[in-house]
Amino acid sequence: MSSFKTKLILRVDHPVLGHTGDVIEVAPGFARNHLVPLGMAFDYSADAIRRIEKKTAEAELNRAAMLKDMAALAKRLESVQLTFVERVSEAGHLYGAVTAKRIAEAIEEQGLPIPEAHVRLAEPIRLVGEFEVPIHVHSEISAAVKVWVLAQEEPKAEAEDVDSDEDSETDAEASAEG
């Protein structure tokens, strides 16, 4: 197997390979079959470096603006508090769970569109309490949302006693008639 690499200059930001204007080395097949035909990279040359200089400056401005927007989003997320009222067992464990999907949906209801994949919840919340849930906003920025999980109020025992008294009276009347 050959360890030969092809040198390219990225034309666009790529989440794995780098930013616009970066010089990268990739496998020849990846360069020939994917990056160059899709217009994502130039072959490395002095001419390509001159062509990409202006695009690199524009990309830097776009990244700076996006970073500023993401910082503002992170600041808004820090003030978000979510409350979930769930049924719980006597031991305090939830019958269901508060998942990353439910948290993302609750955040979106507050006008902040966050994909479920950006909610960094190690495992679903299955206990009553207060939790700090990290949210991935950008590769360089993250925020934390406060999540409260509360126990759902159970109906009072007196109401059940009244219902059972009525049921026993109905049963007594039915047996007397029959």
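Structure's up top.
Just so you know, these numbers come straight off a predicted model, no measurement behind them. (Residues numbered from 1 in each chain as written. Predicted model: local features only at pLDDT ≥ 70, side-chain atom pairs only at ≥ 80, totals over all residues. Heavy atoms only, no water.)

(A) A look at the pattern of salt bridges. Within the structure shown, the criterion is met by seven salt bridges. Ionic pairing is found between Arg 51 and Asp 47, a salt bridge with its closest N-O pair at 3.8 Å. Taken as a pair, Arg 51 and Asp 47 lie in helix 2 (residues 46-78) at a separation of four residues, close to a single helical turn. Classification of Asp 47 as partly exposed rests on a relative accessible area of 40%. (Salt bridge = Lys/Arg side-chain N within 4 Å of Asp/Glu carboxyl O. Helix = DSSP H or I, 4+ residues; strand = E, 2+ residues; numbered from the N terminus. Buried < 20%, exposed > 50% of the residue type's maximum accessible area, 1.4 Å probe, protein only.)

(B) Fine view of the sheet that holds strand 4 (residues 81-86). With respect to topology, three strands assemble into an open sheet ordered 4-8-7, the strand pairing being mixed. Where the open sheet ends on each side, the last strands, each with one partner, are strand 4 and strand 7 (129-138). Across the sheet, the mean angle from the axis of one strand to that of its neighbour is 30 degrees, orientation sign disregarded. Of the pairings in the sheet, the one linking strand 4 to strand 8 (residues 141-151) comprises six bridges and is parallel in character. Note on strand 8: the bridge partner recorded for Glu 86 is Ala 151. Running over the sheet, helix 2 touches strand 7 and strand 8 and is turned about 20 degrees from strand 8. Across the sheet, helix 3 (residues 100-109) lies against strand 4, strand 7 and strand 8, angled at about 125 degrees from strand 4, the strand it touches most. (Pairing = 2+ DSSP bridges. Axes fitted to C-alpha atoms, helices over the stretch in contact; angles between N-to-C directions. Contact = heavy atoms within 4.5 Å.)

(C) The nonpolar core, seen in detail. Counting 26 residues, the largest nonpolar core has Leu 77, Leu 82, Ile 103, Ile 107 and Val 147 as the members making the most contacts within it. Of all the elements in the fold, those that place two or more residues in this core are helix 2, strand 4, strand 5 (93-98), helix 3, strand 7 and strand 8. Apart from residues lying up to four places away in sequence, Ile 107 is in contact with Leu 77, Leu 82, Leu 112, Ile 114, Ile 135 and Val 145. Leu 10, Ala 31, Leu 35 and Ala 41 belong to the second-largest nonpolar core, a separate cluster that totals eight residues. (Core = buried A, V, L, I, M, F, W, Y, C linked by side-chain atoms within 4.5 Å.)

(D) Spotlight on the sheet that holds strand 3 (residues 41-43). Strand order in this open sheet of three strands is 2-1-3, and the pairing throughout is antiparallel. Since the sheet does not close on itself, it has two edges, and those belong to strand 2 (23-26) and strand 3, each with one partner. Each strand of the sheet is rotated relative to its neighbour by a mean of 45 degrees, with strand direction disregarded. Bridge analysis of strand 1 (residues 6-10) against strand 3 gives three bridges, and the strand direction is antiparallel.

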